[in-house]
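# Secondary and tertiary structure notes
Okay, here's what each chain looks like letter by letter:
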Amino acid sequence: MEVPPEMLDALAGWFAQSLSPDAAARRAAEQSISSAAASPGFALALLGLAASPRHDLQARLAAAVHFKNLLRRRWPKPDADADDAADLLPASDCAIIKTHLLQLLLTAPPLIQAQLSEALAAAAACDFPARWESLLPSIVSSLGTAVNAGDVVATNSLLAAAASLFNRFRNAFDNNALRLDLKYCLEIFAAPLLEVFLFASRRLQAAATTANPLELRPVFECLRLCCEIFYSLNSIDLPEFFEDNMRQWMTEFRAFLTTSYPPPVEADGAPDALRAAVCDNLQLYMEKYEEEFRAYLKEFVEAVWGLLMAHTASPSRAQLAVTAIRFLTTVAESVHHALFGSPEAMKQICDSVVVPNLRLRDEDEELFEGNWVEYVRRDSEGSDADTLRRAACRLLRGLAANYREQVAALVSAQVQQMLAAYAADRANNWKEKDAAIYLVIALMQKPGATGGGTPVVDMESFFTSVIVPELQAPDWQSEPMLKATVLRFLKEFRDQIPKATALALLPSVVRFLTHESNVVHSYAATFIENLLIIKDAVPVPGVNTVTRSPRYVAADINPFAPQIIQNLSTALSFPDSYENPYLMKCLMRVLGIANITGQIVHEITARLVGILMEVCNNPKNPDFNHYLFEALAAVIGRTGEQDPALLPAFEASLFPVLQRILVEDISEFWPYAFQIFAQLVNLSRPPLSQNYMQLFGVLLSNATWDRPPCVPALVRLLRAFLRKIPNELNQEGRLPNILAISRSLLSRSSTEDSAFYMLNTLVENVGLDIMNPYINEIWSALFTRLQSRQAVKFVNSLVVFMSLVLVKYGSGVLVSSIDAIQPSLFSQILQRFWIPNLKLIKGALEVKLTAVASTKLLCESAVLLDAAAAQLWGKLLDSIVTLLSKTNQDLAQEQNDGADAVDIQKTSGYSVSFVRLQYAGKSEDDLLKEVNDPKQFLVTSLATLSAQSPGRFGPVIEQHVDPANKSALLQLCAAYNANIV
């Protein structure tokens with residue numbers, strides 16, 4: 001694999017510059033890398049740089065990361081859409097990568113090797129095994145060579161590659177294709193894996209007394225990797241090979257758990273890392289293969305229990321304890337729970353396992369003070385890395401599943417004991433109170449949870465006597481870890497706190513927003529934000545369903561909003577909280593609900609713009625940045641609509657930073673900037689200022705649309721302009737230009753939604769006199785695309801668009817303009833696409849639009865009212881009734897879905913992508929406001945039509961409408977007092 005040295009040098013220079021603190025140099029380097037990415041051979045150049053020993057390690061590592069991400073995005077998938085082929089890596093590059101990647105991975109330094117292993121997994125996810133048959137045999141062959149040579153380091157590199165390859169079996173959806181792939185892997189790899197495992201085990205036994213951790217570390221790592229692969233290959237089903245050789249595996253597993261190594265080796269942590277991997281495998285077998293594993297269960301429970309009782313200086317003992325407790329929890333929840341059922345065993349678990357691991361450790365305090373982000377992630381967000389506290393409480397809950405009363409009595413006594421210890425010496429025993437509150441959080445029933453919870457304390461009494469005093473204490477800056485746990489208690493049980501109580505406590509919580517601890521002010525912000533999104537079920541009158549209504553509305557939050565906003569603004573100036581996503585999310589939520597006026601609007605707008613100016617220098621926190629733009633959108637939306645006089649102030653504040661985003665090509669923020677621009681345009685009144693007209697010109701430039709992540713935001717902005725200045729399209733060839741852009745978007749499945757959104761916007765806002773010369777061009781583009789793209793999503797979008805044309809311009813225009821493309825084409829489209837897909841339409845406005853449009857076709861179109869079209873007429877009516885027979889619950893669900901989408905939107909790093917701003921979203925217009933009920937519109941229209949030709953349509957309905965739909969139609973007629981005669 002030859003890559004020109006000058007290309008490697010250029011790439012290395014760009015990657016070095018991409019890490020520069022100078023924003024201009026960094027962006028120039030990123031632009032150079034982005035431009036080079038479009039050239040053939042770029043992936044090969046990245047791989048060449050990652051493997052080049054003559055270049056700087058940082059540049060090589062950056063190239064390896066870029067290579068991994070490139071393969072994830074652009075490696076051809078077997079089911080890839082033909083439209084996306086241009087963005088995929090060329091087949092010739094893929095072939096070269098597959099030929100060289102494994103060998104380059106084996107010779108790379110560890111940091112780069114880890115990235116190349118993930119790159120290998122990304123390519124293998126698409127091609128292995130069917131299109132990469134040589135990969136696994138190559139790994140097995142190289143493994144044999146490494147083992148025969150006694151080369152443990154090379155063995156580990158190969159095992160790491162295999163582990164990344166097999167990891168897909170852990171979480172993939174189980175199906176026949178996956179099982180065939182697993183069978184192929186087992187046939188080739190199961191036996192060699194056992195050989196390598198036994199080889200490494202013998203090597204460990206031979207050197208068990210060696211006190212040099214550096215010598216034994218690779219051997220422990222080899223065995224740990226074998227255990228990791230064992231887990232992956234056993235994740236779907238128990239393979240016959242592993243069942244036949246279970247005793248060999250279990251014998252070694254037990255030896256690893258029960259053997260002690262010299263103190264320097266134990267202190268290194270490698271033995272505990274291996275034991276933790278063994279415990280993961282034991283848990284897997286306990287969960288999935290209990291019958292086959294039963295014979296080994298008792299000895300492994302004893303071995304794991306012994307590990308938890310032993311004391312060691314190993315730094316990885318905490319993670320081992322987590323996995324060990326997790327295994328015991330699985331046993332406690334199984335049919336073998338009697339192993340822990342005696343009062344003595346339960347008390348020992350509580351005293352020796354649960355309580356010691358509940359108390360805060362020195363490491364917890366260090367993490368709290370030194371890495372607050374990780375502390376919050378572990379403590380509050382339920383991260384993948386379980387904490388000892390969480391694991392210990394889960395063990396208690398597992399025991400409570402079968403011994404609820406016994407566990408409740410033990411834990412209740414323990415909580416009282418901890419609180420008594422705190423009362424005796426508040427200054428020194430605050431950790432006792434912290435552990436007591438944590439126990440209650442872990443074991444008490446939460447809203448929406450199942451299993452009943454364990455009644456450890458009287459909740460109301462506990463809240464009043466234990467929680468509220470901490471919230472209202474004069475020394476609110478003291479004992480920050482205890483305050484954080486109290487605030488977490490509030491967050492966990494927020495639904496159960498009466499509204500009046502919550503509002504009464506809010507001032508106390510608000511002051512914690514300015515607590516010097518990052519964790520404390522983050523937890524206070526999280527509680528307030530979570531409180532404001534609580535919804536209560538409210539029955540819908542006259543309908544057998546419920547909707548969800550916010551518990552806290554503007555009137556509730558308005559008295560507190562100025563202080564909350566001020567405190568959040570202050571906290572965003574604290575060290576390490578300049579880009580605190582919890583603070584910004586809370587600010588966003590308050591601004592989105594409260595009614596703020598006067599000077600505070602100008603102050604918070606200026607503050608947010610100042611923060612945005614700062615993060616433009618180095619956008620590195622995608623969650624914070626998303627909430628920042630949401631907060632801006634909330635201020636503009638809430639206050640701008642109430643007071644249009646604020647618009648000039650918004651423009652003066654926002655235009656400089658938004659223009660900077662575009663001019664400096666801060667690509668991460670382009671989709672957000674266009675959405676904010678659209679919001680400002682929506683608030684403006686024609687004639688629009690010169691600044692907006694210049695932006696309109698940029699919007700109509702083809703180059704602006706070349707960035708797929710920006711397309712949905714650009715369509716929003718175009719929609720906003722068309723609502724304000726539709727007649728501007730008639731000038732300077734603007735409409736043909738927009739149609740050319742829509743054709744380009746239509747040609748790709750990834751942007752076809754935006755193409756339809758653009759076309760819908762044109763029809764909604766532009767009169768037929770302007771659109772008429774171009775309508776044939778639109779139909780030609782749509783129907784050409786339809787020939788190769790008949791996916792449900794596309795056809796549904798086409799039906800909605802045709803319905804929109806009918807409603808805006810009339811059924812005659814719709815039919816005649818389509819038939820102008822080809823005689824009788826409309827009837828073909830109706831029969832093949834409109835009628836079958838109508839019943840699949842989703843969304844309340846879309847259902848209403850298509851139902852009304854279809855009804856108009858039935859009752860107004862000469863094509864359908866022709867006697868020869870009776871069957872078509874009946875089939876269309878059948879589809880309309882099916883569509884309208886969707887239950888109210890379905891529609892209520894659709895309306896509730898996404899109501900709090902801002903809560904669940906997560907960006908996973910900085911590949912530039914479109915993320916919708918909920919607070920910038922203008923609700924879709926109902927073009928049929930005059931139609932209150934599409935069901936009533938259907939039956940009254942049919943009644944009117946049938947009255948004109950009595951006796952004509954009854955037989956058609958009888959012959960061509962499904963019996964269930966005939967019954968539904970009769971019920972509708974009765975409900976709305978309409979008759980089809």
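Residues numbered from 1 in each chain as written. Predicted model: local features only at pLDDT ≥ 70, side-chain atom pairs only at ≥ 80, totals over all residues. Heavy atoms only, no water.

### A word on the overall build of the protein chain
Along its length, the protein chain carries 51 helices and two strands. Structurally, the protein chain occupies a C-alpha span of about 95 × 70 × 65 Å along its principal axes. Going through the 981 residues of the protein chain one by one, you find that 54% of them count as buried. Restricting to contacts in the protein chain with at least 6 residues of sequence separation, those with at least 24 account for 74%. (Helix = DSSP H or I, 4+ residues; strand = E, 2+ residues; numbered from the N terminus. Buried < 20%, exposed > 50% of the residue type's maximum accessible area, 1.4 Å probe, protein only. Contact = heavy atoms within 4.5 Å.)

### What about a negative patch on the surface?
Negative charge collects at one region of the surface, where E240, E243, D244, E291 and E292 lie side by side. When contributions to the negative patch are tallied by element, the ones reaching two or more residues are α12 (240-244) and α16 (290-309). When residues of the negative patch are assigned to their parent elements, the largest contribution, three residues, is made by α12. Take D244: it is sitting in helix α12. (Patch = residues over 30% accessible without salt bridge, like charges linked within 9 Å, V, L, I, M, F, W, Y side chains within 5 Å. Areas by Shrake-Rupley, 256 points an atom, 1.4 Å probe, with all protein chains shown as cover. Salt bridge = Lys/Arg side-chain N within 4 Å of Asp/Glu carboxyl O. Lys, Arg positive; Asp, Glu negative; His and termini not counted. Charge placed at Lys NZ, Arg CZ, Asp CG, Glu CD.)

### Focus on the packing of aromatic side chains
Inspection of every chain in the model, using the stated rule, returns 35 aromatic pairs. Each ring, one from W249 and one from F253, has its centre 6.0 Å from the other, and the planes form 55 degrees; the classification is tilted. Here W249 pairs with F253, and both are found in helix α13 (residues 246-258), just four residues apart, close to one helical turn. Here the two residues W249 and F253 agree in accessibility, since each one is buried. (Phe/Tyr/Trp six-rings, centres within 6.5 Å; stacked < 30°, edge-to-face > 60°.)

### Thoughts on the nonpolar core
Considering soluble globular proteins, one finds that nonpolar side chains tend to be buried as a cluster. Within the largest apolar cluster, 364 residues are counted, with the highest numbers of intra-cluster contacts made by F189, F253 and F327. Considering every element that reaches this core, the biggest residue donor is helix α10 (residues 176-206), with 14 residues. (Core = buried A, V, L, I, M, F, W, Y, C linked by side-chain atoms within 4.5 Å.)

### Quick word on the side chain of Q283
Considering the arrangement of structural elements, one finds Q283 in helix α15 (residues 270-288). A distance of 3.3 Å separates the side chain of Q283 from the side chain of T330, its partner in a polar contact. When neighbours within four sequence positions are excluded, Q283 is seen to be in contact with R326, F327 and T330. (Polar contact = N/O pair within 3.5 Å; in protein donor to acceptor, adjacent residues only side chain to side chain.)

### Digging into unusual backbone geometry
Backbone torsion omega between F128 and P129 reads 0 degrees, so that peptide bond is classified as cis. In the segment running from P686 into P687, the intervening peptide bond is cis, with an omega of -5 degrees. Within the element layout of this structure, P687 appears in the loop between α34 (670-683) and α35 (690-699). For E479, which is not glycine, the phi torsion reads 45 degrees and is therefore positive. Among the structural elements, E479 can be located in the loop between α24 (459-472) and α25 (480-492). Even without being glycine, D576 reaches a positive phi, approximately 70 degrees. By the element assignment, D576 lies in the loop between α29 (561-571) and α30 (581-593). Judged by its relative accessible area of 57%, D576 falls in the exposed class.

### What about the packing of helix α18 (residues 343-358) against helix α21 (residues 388-400)?
The contact between α18 and α21 brings their axes to 8 Å, and the two run at 155 degrees. Taken together, the axes of α18 and α21 are roughly antiparallel relative to one another. Crossing of α18 over α21 shows left-handed handedness. Touching M346, I349, V353, V354, N357 and L358 of α18 are L388, R389, A392, C393, L395, L396 and L399, all from α21. The residue makeup of the contact of α18 with α21, split by class, is eleven nonpolar, one polar and one charged. (Axes fitted to C-alpha atoms, helices over the stretch in contact; angles between N-to-C directions. Parallel < 35°, antiparallel > 145°, perpendicular 65-115°, else oblique. Left-handed = near helix turned anticlockwise from the far one by under 90°. Nonpolar A, V, L, I, M, F, W, Y, C, P; charged D, E, K, R; others polar.)

### A look at the packing of helix α7 (residues 135-148) against α10
Direction vectors running N to C along α7 and α10 enclose 15 degrees, while the axes themselves pass 10 Å from each other. Regarding the angle of α7 to α10, the classification is roughly parallel. Crossing handedness for the pair α7 and α10: left-handed. Two secondary-structure elements touch here, α7 through L136, P137, I139, V140, L143 and V147 and α10 through Y184, C185, I188, F189, P192, V196 and F199.

### Some thoughts on the state of the cysteines
Within this structure, the stated rule accounts for zero disulfides. Left unpaired, C94 is separated from the closest cysteine sulfur, that of C126, by 9.1 Å. For C94, a relative accessible area of 6% translates into the label buried. (Disulfide = S-S within 2.5 Å.)

### Some thoughts on the confidence of the model for the protein chain
Taken as a whole, the protein chain shows an average pLDDT of 89; of its residues, 94% reach a score of 70 or greater. Taken together, the stretch residues 447-451 has pLDDT below 50 and engages in five contacts with residues farther than four places along the chain or on a different chain. The model gives residues 892-901 a pLDDT under 50, and that stretch makes 14 contacts with residues more than four places away or in other chains. (pLDDT = per-residue confidence, 0-100.)

### A short note on helix α37 (residues 734-746)
Between the first and last C-alpha of α37 there are 18 Å, a value that for 13 residues agrees with the 18 Å anticipated at 1.5 Å per step. For α37, the complete set of buried residues consists of R734, L735, I738, L739, I741, S742, L745 and L746. Burial along α37 is one-sided: seen end-on, the buried residues are contained in an arc of 160 degrees. Of the surrounding elements, those touching the buried residues of α37 are α35, α36 (711-724), α38 (752-765), α39 (768-771), α40 (775-788) and α41 (792-809). (Expected span 1.5 Å × (residues − 1). Arc of directions from axis to C-beta.)

### A word on the environment of L786
Considering the arrangement of structural elements, one finds L786 in helix α40. Residue classification places L786 among the buried residues on the basis of a relative accessible area of 4%. For the pair L786 and N621, spaced 165 residues apart in sequence, the C-alpha separation works out to 41 Å. Setting aside anything within four residues of it in sequence, one finds L786 in contact with F794, V795, L798, I829 and F833.

### Observations concerning the pattern of salt bridges
In total, this model carries 48 salt bridges according to the counting rule given. In this structure, R168 and D181 form a salt bridge, with 3.1 Å as the shortest nitrogen-oxygen distance. With a gap of 13 residues between them, R168 in helix α9 (residues 168-171) and D181 in helix α10 connect regions that are remote in the sequence. Residue classification places R168 among the partly exposed residues on the basis of a relative accessible area of 25%. Looking at D181, the relative accessible area reads 17%, which means it is buried. Here K966 makes a salt bridge to E958, at a shortest N to O gap of 3.2 Å. Its relative accessible area of 17% is what places K966 among the buried residues.

### What to know about the environment of I821
Its place among the elements puts I821 in the loop between α42 (811-819) and α43 (825-838). Exposure remark for I821: the relative accessible area of 33% places this residue in the partly exposed category. Residues I821 and E630, 191 residues apart in the sequence, show an inter-C-alpha distance of 45 Å.

### What about α7?
Because an α-helix packs 3.6 residues into every turn, residues spaced three or four apart end up facing the same way. When the terminal C-alpha atoms of α7 are compared, their 20 Å separation across 14 residues agrees well with the 20 Å that a helix rising 1.5 Å per residue should span. Those residues of α7 that fall on the buried side of the exposure criterion are L135, L136, I139, V140, S142, L143, A146 and V147. Buried positions along α7 lie against α5 (91-107), α6 (110-127), α8 (152-166) and α10. Once α7 ends, the next one or two residues include G150, with phi positive near 70 degrees.

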